[in-house]
Amino acid sequence: MVPPSNIVQHFVKRSNRNKQILKMSVGLVTLSILVITYSQYLLHNHCDALECGNDFRSKRQVIETTFMSKSEKTSAASESSESTSSVRHPTSTLGAGTSSEGELDIPVEFDSPLMPPKQSQELAKWLQKMMMDLNLNRADPTPMEEGSKEYLFPCAHDDYKISESLTKVNPTEGQTLDGQGWVVFPEDSLCYSLKILKVTGQFNDGKLSGSAKVDFTDGSWMRGNFVKGVLHGLVRKFWCKFGDCEYFESKKWSVPEHLKEISWYRNGVRTGFAWEFLRGGGMMAGEVNEIGELSGPEVSYLYPDKYTMLVGKAIKGQFQSGRESRLSGIEYHNEIIAVPLHLKAQGPLFVREVSNKTHMASNDNSLHQSDPYEKQFVSVQDSTVRGSGRGVFLKKDVPMGMIIGFYNGVRMSDFESKIRKADRKSPYRMDNDWAKSKQILNIPEGFREPHQYNATLGHLINHGQKPNAWYAMIDHPRFGFIRSVVTKQALKAGEEIFCDYGFLKQYAQSDEMFKTILEVGKMIHGSDNNADFTKDVKNHVNFLRDKVQEYKPFIDLAKTLYSMYAKQ
């Protein structure tokens, strides 16, 4: 390698020819340094760690206080006057059989069967029927009330295209449609602005009648029962595996064949018991309120195994707070919509607390409040890979495609994640772009070992050349949009879980400086392709760390060159 002093002499001697190019290059390097330095200043002054932490903790305290009974609020107020730093768990009614005697916060060991129990199999069979039987239809038995709002009422004056099978009736006195066929709304129509793209069904005097299908502009669709144009009976909505169908390029993730909602409508309003299905797995179930929202004090969240549950508060279909339970049986609403019964919801309170860029959780207890689903499937033991330390192992046999764990972390933008050296060098960076554009999940130093953080265990999985699991996406009831761990094949109890750490390579190749490091590493490694170089990812993470430090003198050199030419 040429000594820095010789490099300077070389540039000085040929300055007449390269002066402009050098000024531009050094200027860009210096500008980058200034931007990073100023951004780091803004980041640390915009949100002090203590300030952010207090804001995060206060949100949890507001949630918990909201769920307290009047007597508990009075008690909490007196306690807060004695000690403002304590956050107590409420013991208000949060599910069937709960009480306010304080025993609910005591950890409870629910069963963890090796095979899906009978009631969970029954629920799975019902969900499969709801998803596959597209001809299934039910009308509400009660007569529809006059004056009920028609579903397509806002579209009455829209222009539209119709199929040849439909007949226009009374074109001079206010045109209506008759027959079986479809109607498509153009982009400049009101219906299109309401996300309605196409309607297919039977039209009688311009009003939908019986089973009809509605296609939405985001790729999702709905099938429901109509009476005189009003939703009145069973309604099912479908979307893609991870939500919006247009977001992912993968064809299998862009087919709207997964359930989004199962509801019952009466007089155009959702009523009774409803199911809402979350992205990536998991579902909410409960009675809707008077305006059709899935909100209330006893709404159930069912994990992907359709057996493990959290029962408690929900607002507009979003879990807020609840306690652990298990599915105990199934009843049916209107003889068609399944209603899950559950055991007494008890144990510690689980509160929704989506991480920010400085805090994983609202308090120390939350850091060690293991997910009730994940702990049934995996545990941490000594890895079978020599020199890898700990690893994650299965507790029971699982089929291919089973969610077995979760990967939570602090959230930051890709730019923010490159400002601090500790974040930039972290081997725990995880792309979370599906939740928010260019978002990164990361496990900060001090939270990477099981005794420091074990609410989720996905970050403890080791890299494998032949991975048996992968990091998918999920809308988690506590942590929001994070990553899930999904098996790529059927696995046996006792097997260690491995995932591909390819996202580290993608990150390294996304930054010009790291691209250079990658090329140097390939040369030292004696390899001419990226695949060979990244076989042992963990070793090369350490290699990248060392090389970042080696590049620091060249940044100083750039500063020196810039100062030399600035004086000329």
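This is a predicted model, so every value here is computed, not measured.

Asks: Residues and numbers for the overall build of the protein chain, please.
Replies: When its secondary structure is counted, the protein chain shows 14 helices and 25 strands. Across the 568 residues that make up the protein chain, the buried fraction comes to 47%. Here the analysis covers contacts within the protein chain between residues at least 6 apart in sequence; of these, 58% occur between residues at least 24 apart. When the accessible surface of the protein chain is summed, it comes to about 28900 Å², and 53% of that surface belongs to carbon and sulfur atoms.

Asks: Tell me about the packing of aromatic side chains, and name the residues and values.
Replies: What the rule picks out here adds up to twelve aromatic pairs. Between Trp221 and Phe238, the ring centres sit 4.3 Å apart and the planes meet at 10°, which makes this aromatic pair stacked. In this pair, Trp221 sits in strand 6 (residues 221–227) while Phe238 sits in strand 7 (residues 230–239), placing the two residues 17 residues apart along the sequence. Of the two residues examined, Trp221 and Phe238, each falls in the buried class. The rings of Tyr301, Tyr303, Tyr373, Phe377 and Phe406 are connected pair by pair, giving a single aromatic cluster. For the cation-ring pair, Lys213 lies above Trp221, with the distance from its terminal atom to the ring centre recorded as 4.7 Å. For the cation-ring pair, Lys396 lies above Phe377, with the distance from its terminal atom to the ring centre recorded as 4.5 Å.

Asks: I'd like a rundown of the nonpolar core, residues and numbers included.
Replies: If you look at the biggest cluster of nonpolar residues, it comprises 54 residues, and the most contacted ones within it are Met284, Ile404, Tyr471, Val485 and Ile497. Elements represented by at least two residues in this core include exactly strand 11 (296–302), strand 12 (308–315), strand 17 (390–394), strand 18 (403–407), strand 19 (410–413), strand 21 (439–442), strand 23 (469–476) and strand 24 (480–487). Residue contributions to this core peak at five residues, all from strand 23. By size, the runner-up hydrophobic cluster in this structure holds 27 residues, among which are Leu127, Trp221, Met283 and Val311.

Asks: Summarise the side chain of Thr217; cite the residues concerned and give the values.
Replies: Its place among the elements puts Thr217 in the loop between strand 5 (207–216) and strand 6. Judged by its relative accessible area of 18%, Thr217 is buried. Look past the residues within four positions of Thr217 in its chain and what remains in contact with it is Tyr192, Lys195, Ile196, Leu197 and Glu246.

Asks: So, the state of the cysteines: which residues are in play, and what are the values?
Replies: Per the stated rule, a full pass over the model turns up one disulfide. Across the disulfide, Cys155 is cross-linked to Cys191 (sulfur-sulfur distance 1.6 Å). The sign of the S-S torsion, about 70°, decides the handedness of the disulfide formed by Cys155 and Cys191: right-handed. Of this pair, Cys155 sits in the loop between helix 5 (118–132) and strand 1 (161–162) while Cys191 is found in helix 6 (residues 190–193), placing the two residues 36 residues apart along the sequence. For the pair Cys155 and Cys191, a shared accessibility class is recorded, and that class is buried.

What counts as what
- Residues numbered from 1 in each chain as written.
- Predicted model: local features only at pLDDT ≥ 70, side-chain atom pairs only at ≥ 80, totals over all residues.
- Heavy atoms only, no water.
- Helix = DSSP H or I, 4+ residues; strand = E, 2+ residues; numbered from the N terminus.
- Buried < 20%, exposed > 50% of the residue type's maximum accessible area, 1.4 Å probe, protein only.
- Contact = heavy atoms within 4.5 Å.
- Areas by Shrake-Rupley, 256 points an atom, 1.4 Å probe, with all protein chains shown as cover.
- Phe/Tyr/Trp six-rings, centres within 6.5 Å; stacked < 30°, edge-to-face > 60°.
- Lys NZ or Arg CZ within 6 Å of the ring centre and 35° of its normal.
- Core = buried A, V, L, I, M, F, W, Y, C linked by side-chain atoms within 4.5 Å.
- Disulfide = S-S within 2.5 Å.

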